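# Structure assessment
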Amino acid sequence: MTQTTSADAPAGLTTTRAPFIEQARADGRLYIEQPYELYTAANHDVWRRLYARMAERWQRYGNARFLQGLETLQLDPERVPRLEDVNRFMAPLTGFRAKAVSGYVPAYLFFDCLRQREFPTTITIRDGEVLDYLPEPDIFHDIAGHVPMHVDRAFADTLVRFGECARAAADRAAAIDDPGDRLRRLRSVITGMARFFWFTIEFGLMKNPGSGELRAYGSGLLSSYGELAHCIESPDVQRVPFQLEWVINQSFEIDHYQPLLFVIDSFEHLFGEVDRLVDWVTAGRLDHVAPGEPAIGEADLQSFLDAAGVA
Ligand SMILES: [Fe+2]
């Protein structure tokens, strides 16, 4: 018996099997256009299904500023968004723009894009058979999960400050003469920064103003149907007030629901914490964070060394 699977259908811009993306990578092109005509009917249908089932959960569990951002962006529930449409709404408000990329952006370059108010954005969309979980980002995670917050001024400024933190980390590395010592400390700083980013921008919880109820603002939560309810409702999750000392020393794993989440009071609060992070990086307080996840890849390390102007 022959079975028709989605693997037989034209891939269009489906995660991990998009010929356009493979070609861009083969050519060494990281920053690309969004070839909108390549999205197939199946790609649009996946967007429609993801959006439809998230809509009600966003209203229940998404923080107020995310919901305002969704309203402002006017994403089409039926079709994969065009980045130029998103940018038309977003850029006049905070200067942020979604910038299409062909794949993983090494850490320094990623943060430096934020500094320039550019958000590296995946343009592929997950396969319709795996709506729930995929380890790599797709356009639903990046546009529906991240970008609505980028129309908020305090949140946008926080991302820029994070980019400045990466610059501070590169400057600190440049000031250390011994190459071995420099590498050890830099690896530690990047680990601490990655943990901060994970527990805020990707998996952060925030108290809603007024009611004080917990709501999600992390994009990993806002783009996950299952975890968005779990992070708020489940008794199996520890939800603790944000503490910088803890966050930079706390390892995490990416392949299951998070058992520990940190709560901020507001995006102004978050901005203040990133500001402290920059001071801590400069003062060497991230040079010896607790070992553990995430592992820092060679490309990430190299991107910081390049920015530092050292070998
Ligand atoms: Fe993300």
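Because the structure is predicted, anything quoted here is derived from the model rather than measured. (Residues numbered from 1 in each chain as written. Predicted model: local features only at pLDDT ≥ 70, side-chain atom pairs only at ≥ 80, totals over all residues.)

## Some remarks on the overall build of the protein
The number of helices and strands found in the protein is 13 helices and six strands. Here the C-alpha radius of gyration of the protein, 19 Å, is about what a compact globule of 311 residues would show, namely 19 Å. Overall size of the protein, expressed as C-alpha extent along the three principal axes, is 60 × 50 × 45 Å. Among the 311 residues that make up the protein, the fraction classed as buried is 42%. Considering only contacts in the protein between residues 6 or more positions apart, those separated by 24 or more positions represent 71%. (Helix = DSSP H or I, 4+ residues; strand = E, 2+ residues; numbered from the N terminus. Rg over C-alpha atoms; globule rule 2.2 N^0.38 Å. Buried ≥ 20, exposed ≤ 12 C-beta atoms within 10 Å, placed from the backbone. Contact = placed C-beta atoms within 7 Å.)

## Here's the deal with the confidence of the model for the protein
Summing up the model confidence of the protein, the mean pLDDT is 94 and the portion of residues at 70 or higher is 96%. Segment residues 1-5: pLDDT under 50, and zero contacts once partners within four positions in sequence are set aside and those in other chains are kept. (pLDDT = per-residue confidence, 0-100.)

## A look at the pairing of strand S2 (residues 118-122)
Within S2, four of the five residues are buried, leaving the element largely enclosed by the surrounding structure. Here strand S1 (residues 97-101) pairs with S2 via five bridges, running parallel. Within the sheet, the bridge partner assigned to lysine 99 lies in S2 and is proline 120. With helix H5 (residues 107-115) bridging S1 and the parallel S2, this β-α-β connection has right-handed handedness. (Pairing = 2+ DSSP bridges. Right-handed = clockwise from strand over helix to strand, strands pointing away.)

## Overview of the sheet that holds strand S5 (residues 238-241)
Reading across from one edge, S4-S3-S6-S5 is the order of the four strands in this open sheet, with mixed pairing throughout. Bordering the open sheet on either side are strand S4 (214-216) and S5, each of which pairs with just one other strand. If you compare each strand with its neighbour and ignore which way they point, the axes differ by 35 degrees on average. Sheet analysis places strand S3 (residues 205-207) next to S4, joined by three bridges and oriented antiparallel. (Axes fitted to C-alpha atoms, helices over the stretch in contact; angles between N-to-C directions.)

## Some thoughts on helix H2 (residues 41-61)
Every α-helix carries 3.6 residues per turn, so stepping three or four residues along brings you back to the same face. Under the 1.5 Å per step criterion, the end-to-end length of H2 is 30 Å for 21 residues, consistent within 8% with the ideal 30 Å. For H2, the principal kink sits at alanine 55 and spans about 35 degrees. Those residues of H2 lying buried are Asn43, Val46, Trp47, Leu50, Met54 and Tyr61. On its buried face, H2 is in contact with helix H6 (139-146), S4 and helix H10 (225-233). (Expected span 1.5 Å × (residues − 1). Bend = angle between axes of the 7 residues up to and from the residue.)

## Quick look at the packing of H2 against H10
At a closest axis distance of 10 Å, the pairing of H2 and H10 adopts a crossing angle of 20 degrees. Considering the angle they form, H2 stands roughly parallel to H10. Handedness of the crossing formed by H2 with H10: left-handed. Contacts between H2 and H10 involve Arg53, Met54, Arg57 and Tyr61 on the former and, on the latter, Tyr225, Leu228, Ala229 and Ile232. Considering only residue class, the contact of H2 with H10 consists of six nonpolar, no polar and two charged. (Parallel < 35°, antiparallel > 145°, perpendicular 65-115°, else oblique. Left-handed = near helix turned anticlockwise from the far one by under 90°. Nonpolar A, V, L, I, M, F, W, Y, C, P; charged D, E, K, R; others polar.)

## Points about the packing of H5 against helix H13 (residues 298-308)
Contact pair H5 / H13: the axes reach a minimum separation of 6 Å and the direction vectors enclose 60 degrees. The orientation of H5 relative to H13 falls into the category oblique. Contacts between H5 and H13 involve Ala107, Tyr108 and Leu109 from the former and Asp300, Ser303, Phe304 and Ala307 from the latter. When grouped by side-chain class, the residues that make up the contact of H5 with H13 number five nonpolar, one polar and one charged.

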